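Report on the structure
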Amino acid sequence: MRKLFLILILSLIRITSYSQNDQLGRAYLNQETPSTTPLKFAPDLISKKGSFEYPCSFSIDMKEMYFGVNMFNEEKKEKYILQVKRQNDGSWSSPQKISFTGFFESEPILSPDNSKLFFSVLSDSKKYKPHDIWYVNRENDSWGKPIKLNENINTDKYEYFASMTINNKMYFTREGKGIYSAELINNEFTNVQLLEPSINKFKFCGHPFISPDESYLIFDSRERGGFGKADLYISFRENNHWGNPINLGGKINTSEIEFMPIVSPDGEYLFFCRKENNERDIYWVKFDVEKYKN
């Protein structure tokens, strides 16, 4: 009887453990979750050979995921956004191409409350990459009409990669100038400010991911003294000022290019792009923000 009881207990432990791991895997397209060493995210499904991927953004309920691709190996060399949806049985759909403006679109990033989806647009044929920021508002189970950000944000420069806080503060890149912030007030973005020198002293800093509570900022830079051609850095906000950026280290940063960071809604994983050997794929890694505070 005692032996039978132990077998039942062990069986329950295995079932519970399997259930938890299965649920976690299902939340991320049924992928094997990484530890402190980055893994390529969803190879052959999301991160495919022969295309450049832009980082992925998950909805807070883990029912949607958006990412971008640059199909440089196709005749039209298209850039577009793909959407993946979680089904009622927990499985995920195959990626489906979506378009809001009719132009080339990339870098989709959801706001923390999922009410907005920001993305970058290439609408000027004289320019060679995305240069304006647009967004759409969620309307029930779909997205509304695309809205181009005003001239306070979109100038004759290249503006892209916008992420937001829960208090409607947006961070974005203005290429050649650095990382900026702006506030959404009465449906207009205003109070545009270049971040302080502690951030923008770094060489070619850009692609800012701002945490929902604005406590930390992750971005990429080609600052000398890093691990590679471009590295990921984190800065913490204290007393309304940004601290000196900290390199995310040699497990995440390599001798190649790491850029375009996004943290999952649960704060558990860091997603980013890595470019090497003429391939650019999405990677993910277990993320412990407290580690960098110490």
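Above this text sits the structure in question.
Residues numbered from 1 in each chain as written. Predicted model: local features only at pLDDT ≥ 70, side-chain atom pairs only at ≥ 80, totals over all residues. Heavy atoms only, no water.

1. So, the sheet that holds strand E12 (residues 169-174)
Read from one edge to the other, the open sheet built from 4 strands follows the order E11-E12-E13-E14, with strand pairing classed as antiparallel. Looking at the sheet topology across the chains shown, the edges are occupied by strand E11 (159-164) and strand E14 (188-194). Shown here is a sheet whose adjacent strand axes are inclined to one another by a mean of 30°, direction ignored. Here E12 pairs with strand E13 (residues 178-185) via 6 bridges, running antiparallel. Looking at E13, one finds that Thr173 is bridged to Ile179. (Pairing = 2+ DSSP bridges. Helix = DSSP H or I, 4+ residues; strand = E, 2+ residues; numbered from the N terminus. Axes fitted to C-alpha atoms, helices over the stretch in contact; angles between N-to-C directions.)

2. Quick look at the environment of Arg237
Among the structural elements, Arg237 can be located in strand E17 (residues 231-238). Residue Arg237 is classed as partly exposed on the basis of its relative accessible area of 23%. Along the chain, Arg237 and Glu214 lie 23 residues apart, while their C-alpha atoms are 7.3 Å from each other. When residues no more than four places from it in sequence are discounted, the contact partners of Arg237 are Lys169, Tyr171, Glu214, Ser215 and Trp242. Looking at Arg237, its side chain comes within polar contact range of the main-chain oxygen of Asn240, at 3.5 Å. (Buried < 20%, exposed > 50% of the residue type's maximum accessible area, 1.4 Å probe, protein only. Contact = heavy atoms within 4.5 Å. Polar contact = N/O pair within 3.5 Å; in protein donor to acceptor, adjacent residues only side chain to side chain.)

3. A word on the pattern of salt bridges
Under the criterion given, the structure shown has 11 salt bridges. When the shortest N-O distance is used, the salt bridge between Lys97 and Glu78 registers 3.2 Å. Pair noted here: Lys97 is in strand E5 (residues 96-98) and Glu78 is in the loop between strand E3 (64-70) and strand E4 (79-85), with a separation of 19 residues, a long-range link. One salt bridge connects Arg174 with Glu159, and the closest N-O pair in it is separated by 2.7 Å. Remark: Glu159 occurs in strand E11 and Arg174 occurs in strand E12; sequence separation between them is 15 residues. When sorted by exposure, Arg174 lands in the same class as Glu159, which is buried. (Salt bridge = Lys/Arg side-chain N within 4 Å of Asp/Glu carboxyl O.)

4. Brief notes about the pairing of E4
Across the 7 residues of E4, 6 count as buried, placing the element largely inside the fold. One ladder, built from 3 bridges, connects E4 with E5; its direction is antiparallel. From the neighbouring strand, Gln83 faces E5, where its bridge partner is Gln96.

5. With respect to the pairing of E11
Where burial is concerned, most of E11 is hidden: 6 out of the 6 residues are buried. Across 4 bridges, the pairing between E11 and E12 is antiparallel. When the bridges of E12 are listed, Glu159 appears paired with Arg174. Following E11, the chain reverses through 4 residues before pairing antiparallel with E12; Asn168 in that reversal takes a positive phi of roughly 65°.

6. Points about the nonpolar core
Membership of the largest hydrophobic core comes to 48 residues, with the highest contact counts inside it found for Phe41, Phe58, Met65 and Leu270. If we skip the residues at most four places from it in the chain, Leu270 touches Ile218, Leu232, Leu248, Ile252, Pro261, Ile262, Val263, Tyr283, Trp284, Val285 and Phe287. Counting residues in hydrophobic clusters, the runner-up holds 13 residues, among them Ile133, Tyr135, Met164 and Leu184. (Core = buried A, V, L, I, M, F, W, Y, C linked by side-chain atoms within 4.5 Å.)

7. Details of the environment of Gly144
Note that Gly144 resides in the loop between strand E9 (142-143) and strand E10 (147-148). Taking the C-alpha atoms as reference points, Gly144 and Lys116, separated by 28 residues in sequence, lie 9.5 Å from one another. When near neighbours in sequence (up to four residues on either side) are disregarded, Gly144 contacts Val136, Asn137 and Glu139.

8. Description of the layout of surface pockets
The computed volume of the largest pocket comes to approximately 680 Å³. Lining the largest pocket are 28 residues, and of these Lys129, Tyr160, Glu175, His207 and Arg222 lie nearest its centre. Looking at the lining of the largest pocket, the elements with two or more residues in it are strand E2 (52-58), strand E15 (206-210) and strand E20 (257-263). Ranked by residue count, the leading element in the lining of the largest pocket is E20, at 3 residues. Of the residues assigned to the lining of the largest pocket, the class counts are 12 nonpolar, 7 polar and 9 charged. The computed volume of the second largest pocket comes to approximately 270 Å³. (1 Å grid on protein atoms, 1.4 Å probe; cavity = no way out; pocket = protein on both sides within 12 Å on 5 of 7 lines; lining within 4 Å. Points joined across faces, edges and corners; volume = space filled by probe spheres on them. Nonpolar A, V, L, I, M, F, W, Y, C, P; charged D, E, K, R; others polar.)

9. Description of unusual backbone geometry
Excluding glycine, residues mostly carry a negative phi; peptide bonds, for their part, are mostly trans. For Asn240, which is not glycine, the phi dihedral falls at a positive 65°. Take Asn240: it is sitting in the loop between E17 and strand E18 (241-242). On the accessibility criterion, Asn240 (59% relative accessible area) is exposed. Of note in this structure, Asn277 is not a glycine but carries a positive phi near 55°. Note on placement: Asn277 falls in the loop between strand E21 (269-276) and strand E22 (279-286). In this structure Asn277 comes out as exposed when scored by relative accessible area, which is 71%.

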